[in-house]
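Architecture at a glance
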Amino acid sequence: MNNIILGNDWDAVLKEEFTKPYFVKLREFLEKEYAEQTIYPQMDDLWTAFKWTPFNDVKVVILGQDPYHGPGQAHGLSFSVQQGVKIPPSLRNMFKELVADIGCPVPGNGTLTGWAKQGVLMLNTVLTVQQGQAHSHRKQGWETFTDEVIRQLSERDEPIVFILWGRHAQDKKKLIDLSRHAVIESVHPSPLSASRGFLGSRPYSATNQILESWDENPIDWSTTDGVL
């Protein structure tokens, strides 16, 4: 983790952040955790969201909490799982709402690289987690880092739709310039809360209506697996 290279315009945007004292401390924490514990996603997948969706290509941000903490699930995109992995409950609710909202077939797998490739930044507020221990990497510095990511996106001239599901995501709303960008928010798609306002919220069609009002191409939400 000593030389973080994302391979696109995020490198220039985040270069200074990677050298700040809090991030140096976070990096030391992660190096120890990866050496001694089972951490998700794998280190090679840690920056997937940034590599798939360059800074200037971001049209939509879907903000999650922390990665899935089961084996083989997380691969660096919020809510997404690797090919062939059983679809987790929150993502199942996202797909249920997707079908109800835009009338597409149920996606065949839970890998959301197709969304990322179209400009949807699939970001978590915390980017790593210990196996079987939800929220185990909270308050280690990731929140400061993702605050800066949101802040940088908010300062961009081109408008973005920010989709904030649940309290952790909605805490970032204060960092967004609402005169420039759009925010869609509801409860989290988790089974614990989905029936209290996520299901029926129609976030996918609402996002596309906003994008089209900005003369931007809508997202093809039915294309989840990266084959465009």
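The structure presented is a predicted model; accordingly, all values stated were derived computationally and were not measured.

Definitions and cut-offs
- Residues numbered from 1 in each chain as written.
- Predicted model: local features only at pLDDT ≥ 70, side-chain atom pairs only at ≥ 80, totals over all residues.
- Heavy atoms only, no water.
- Pairing = 2+ DSSP bridges.
- Helix = DSSP H or I, 4+ residues; strand = E, 2+ residues; numbered from the N terminus.
- Axes fitted to C-alpha atoms, helices over the stretch in contact; angles between N-to-C directions.
- Contact = heavy atoms within 4.5 Å.
- Polar contact = N/O pair within 3.5 Å; in protein donor to acceptor, adjacent residues only side chain to side chain.
- Buried < 20%, exposed > 50% of the residue type's maximum accessible area, 1.4 Å probe, protein only.
- Phe/Tyr/Trp six-rings, centres within 6.5 Å; stacked < 30°, edge-to-face > 60°.
- Lys NZ or Arg CZ within 6 Å of the ring centre and 35° of its normal.
- pLDDT = per-residue confidence, 0-100.
- 1 Å grid on protein atoms, 1.4 Å probe; cavity = no way out; pocket = protein on both sides within 12 Å on 5 of 7 lines; lining within 4 Å.
- Points joined across faces, edges and corners; volume = space filled by probe spheres on them.

One open sheet accounts for four strands, arranged 3-2-5-6; its pairing is parallel. Each end of this open sheet is capped by a strand with a single partner; those strands are strand 3 (120-124) and strand 6 (182-186). Here the average twist between neighbouring strands, direction ignored, is 20°. Across five bridges, strand 2 (residues 60-64) lies against strand 3 in parallel orientation. Each bridged residue has a counterpart across the sheet, and for Leu63 the counterpart in strand 3 is Leu123. Contacting strand 2, strand 3 and strand 5 (161-165), helix 6 (residues 142-154) runs over the sheet at an angle of about 155° to strand 3.

When you line up the elements, Thr19 lands in the loop between helix 1 (10-14) and helix 2 (21-36). A polar contact is formed between the side chain of Thr19 and the backbone oxygen of Glu16, at a distance of 2.8 Å.

Every buried residue belonging to helix 8 (residues 203-213) is among Pro203, Tyr204, Ser205, Thr207, Asn208 and Leu211, and all of these are buried. Contacts from the buried residues of helix 8 go to strand 2, helix 4 (89-102), helix 5 (113-117), strand 5 and strand 6. In the segment just after helix 8, Asp215 is the residue with positive phi, at about 60°.

Right, let's talk about the side chain of Ser186 for a bit. Counting through the fold element by element, Ser186 comes out in strand 6. Ignoring any residue separated from it by four or fewer positions in sequence, one finds Ser186 in contact with Leu164, Trp165, Gly166, Gln170, Gly197, Phe198 and Ser201.

Under the definition given, this model contains 19 aromatic pairs. An angle of 90° between the planes, with centres 6.2 Å apart, marks the rings of Tyr22 and Phe23 as edge-to-face. In terms of burial, Tyr22 and Phe23 fall into one category: buried. Grouped by ring-pair contacts, the aromatic residues Trp10, Phe18, Tyr22, Phe23, Trp47, Phe50, Phe55, Trp142 and Phe145 constitute a single cluster. Over the aromatic face of Phe55 sits the side chain of Arg156, whose NZ or CZ is 5.9 Å from the ring centroid.

Put simply, the chain has an average pLDDT of 94, and 98% of its residues get 70 or more. Summarising per-element confidence for the chain, the mean pLDDT is lowest in helix 7 (residues 167-170) (89) and highest in helix 8 (98).

With that settled, the discussion passes to the layout of surface pockets. Here the largest pocket defines a volume of roughly 350 Å³. Lining the largest pocket are 26 residues, with Gln65, Asp66, Pro67, Tyr68 and Asn124 sitting closest to its centre. Looking at the lining of the largest pocket, the elements with two or more residues in it are helix 4 and strand 3. Sort the elements by how many residues they give to the lining of the largest pocket and strand 3 lands first, with three residues. Put simply, the second largest pocket is a space of about 210 Å³. The wall of the second largest pocket is formed by 13 residues, among which Thr125, Glu143, His168, Asp171 and Lys172 lie closest to the centre. Contributions of two or more residues to the lining of the second largest pocket are made by helix 6 and helix 7.

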